[in-house]
Every structure is written in structure tokens, then in C-alpha cells.
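# Structural characterization, general
Below are the chains, spelled out letter by letter.
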Amino acid sequence: MSGYLHDLGVCLHFQKDPLLKHILILTGDARRMADLPYLKSCIKILAEYFTSIAIEIYALEEQEYGELIEAGVDSLTIYQETYNETLYNKLHVKGPKRDYRFRLDAPERACRATMRAVNIGALLGLDEWRREAFLTGLHAHYLQDQYPDVEVSVSLPRLRPHAGNYQPRSQVSDKNLVQIMLALRLFMPRAGITISTREAAVFRDNIIRLGVTKMSAGSSTKVGGHTIAKADTGQFDISDERTVAEMKTYIEKLGYQPVFKDWQPIL
């Protein structure tokens with residue numbers, strides 16, 4: 001499950017689904033709208049309701065990751081978007097994400113800060129998908145080798161319909177995505193593989209058996225999307241709109257055990 005933090009009240013509404021033990025919170029890259037003190041106050045509230053809190057936010061310094069870990073965060077998701085530095089610089093001419101190297105090194109800074117789990121990925125479609133998948137794998141493999149105590153995972157997000165008129169440079173078919181996923185599983189047997197609600201329900205149903213380890217459910221990419229009746233336009237369109245309970249039921253039908261909690265912090 002994921003949701004943008006809109007105000008502190010939003011945090012309290014996430015408790016409504018008793019199945020959820022893990023939550024991913026997103027802010028975008030506008031630090032001024034969700035600075036570190038604000039995030040820490042939200043995280044402390046969420047920690048009362050969830051065993052595991054993940055963040056997908058702007059790139060931070062090592063010491064800042066440490067502050068969020070102390071507040072209750074245990075995992076980080078951050079996408080490089082593209083490993084093509086020339087293309088990256090064209091896409092981020094200005095703004096907080098314009099420093100390619102600072103973003104590239106963010107997962108390692110989180111590892112050094114003792115983040116329990118780090119999830120990386122490229123936004124498939126921005127550049128040639130084979131190149132992006134190859135470099136994502138190398139990046140993940142490096143992190144796993146250097147920080148063996150960190151749970152390293154890879155996400156495989158494809159560009160979805162979104163606000164704006166940007167068109168993908170590379171089309172990534174279902175077959176291509178399965179090829180990437182299987183290659184990663186062979187290359188990194190211990191790595192996690194995440195497939196989000198960007199993907200259609202029928203596609204997600206059929207890849208569960210192929211090595212996926214984590215799936216989101218009940219997601220919203222809109223600011224206040226879980227609590228405000230007329231929330232803002234989402235970051236991208238959700239394709240699989242099933243609830244957490246519906247996903248649980250389907251996974252069980254396949255003969256698998258849905259796991260909502262796979263670790264316990266030592267107090």
C-alpha cells in the first residue's frame with residue numbers, strides 16, 4: 001500500500017485496514033512541502049500502527065537518512081529513473097533532482113546509515129530497456145556485495161499514463177518485462193523483486209509464480225488520495241485497483257501464503 005502524505009491527519013486514517021503491516025509513503029521531490037521535521041513527525045505517528053515504514057522521497061544525505069531511521073523508517077525506495085546520464089540531464093535541467101550523481105549515490109548513503117532494506121529501479125521506457133535493466137542489475141549487485149546485511153530489492157516500473165504529454169522513448173512489452181524479471185532472478189537469487197499497481201491485474205496474476213517477492217495493493221498516487229473525496233491528479237494512473245483483501249484472496253487461491261510481516265525490529 002502506498003499513499004502521499006498530505007497532512008498529519010492522513011497518517012491516522014491508514015489504520016483502517018487491519019491487514020496492513022507495511023506501508024510506503026511518498027512525497028515527491030519538493031522538500032519545502034515535506035521537510036525532514038515534518039516527515040519525522042508523520043513517521044512517529046505511523047510507527048504506532050505499522051511494523052514497517054518505507055519511504056519514497058527525495059534523495060537525502062547520509063545523516064538525514066539516519067534521522068529518519070531513528071524516527072522509525074526501515075526501508076527506502078528510490079528510482080534513478082534512467083542510468084543514461086546524458087538523458088537524465090536533459091530530463092532534469094533544473095529542480096531538486098538535477099544532480100545525477102547525488103541521486104545515484106543515495107541508495108548507498110542509506111545503506112551506510114544502516115537502512116534495513118533498499119529498493120532501486122529505472123523507470124522503464126525512458127531509455128532502451130535492455131540497457132536500463134542491465135545497469136539496474138549492476139547497481140543492485142554492487143549494493144548487495146558491499147552491504148550484505150541490507151535487503152536489496154529491484155522494482156520494475158513501466159511508464160504509465162500520467163499528467164503531461166511525455167512519450168516513452170522505448171516501448172516495454174509484457175514479454176520484455178518478464179525477460180528482465182527472470183534475468184534479474186538468475187543474476188541475483190537473493191534479491192527482492194517488486195511489481196506495483198502500475199501493472200494490470202491480469203499481468204500481475206500471471207507473474208506471481210515467476211519470482212516476484214512483493215506487490216503493492218490498495219494504492220493511491222494522489223495527494224490525500226486515501227482521505228480526500230476529490231483528491232488531486234495522481235502522479236500516474238493505477239492499473240490494478242484491487243484492495244489488499246482481494247489481493248490476499250487471489251494469492252491464497254494460487255497456493256501461496258500472503259506475508260504481511262516478515263521481520264520484527266529488536267526493541
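A brief look at the structure comes next.

Criteria and cut-off values
For every chain, the first residue of the written sequence is number 1, and numbering continues from 1 along that sequence. Only residues with pLDDT of 70 or above have their local features reported here, since the model is predicted, and side-chain atom pairs are shown and tallied only from 80 upward, although totals for entire chains, interfaces and linings are computed over all residues. The basis for every side-chain value is the complete set of heavy atoms in the structure, and neither hydrogens nor water enter the calculation. What we call a nonpolar core is a set of buried Ala, Val, Leu, Ile, Met, Phe, Trp, Tyr and Cys residues that are connected through their side-chain atoms within 4.5 Å. The rule is simple: take the accessible area with a 1.4 Å probe, protein chains only, and divide by the maximum for that residue type; under 20% is buried, over 50% is exposed, in between is partly exposed. Note on conventions: DSSP H or I runs of at least 4 residues are helices, E runs of at least 2 residues are strands, and numbering of each starts at the N terminus. Salt bridge, as applied in this entry: a Lys or Arg side-chain nitrogen positioned within 4 Å of an Asp or Glu carboxyl oxygen.

## Describing the nonpolar core
- By size, the foremost hydrophobic cluster in this structure holds 62 residues, and its most contacted members are Ile43, Ile53, Ile55, Tyr65, Leu68, Val118 and Leu156.
- Broken down by element, the residue count for this core peaks at 5 residues, all from helix 8 (residues 174-187).

## Notes on the pattern of salt bridges
- Inspection of every chain in the model, using the stated rule, returns 14 salt bridges.
- Among the ionic pairs, lysine 97 bridges to glutamate 81, the shortest N-O distance being 2.2 Å. With a gap of 16 residues between them, lysine 97 in the loop between helix 4 (85-91) and helix 5 (100-104) and glutamate 81 in strand 4 (residues 75-81) connect regions that are remote in the sequence.
- A residue is classified by how much of its surface remains accessible, and lysine 97, at 17% relative accessible area, is buried.
- Each of Asp74, Arg116 and Glu151 takes part in salt bridges that share partners, so that together they form one network.

## Some points on unusual backbone geometry
- Even without being glycine, glutamate 81 reaches a positive phi, approximately 75°.
- Here glutamate 81 falls in the buried class, since its relative accessible area comes to 14%.
- Phi is positive for threonine 114, which is not a glycine, with a value near 75°.
- Topologically, threonine 114 is positioned in the loop between helix 6 (106-112) and strand 5 (117-122).

In short, the description is geometric, and any link to function would need to be established separately.
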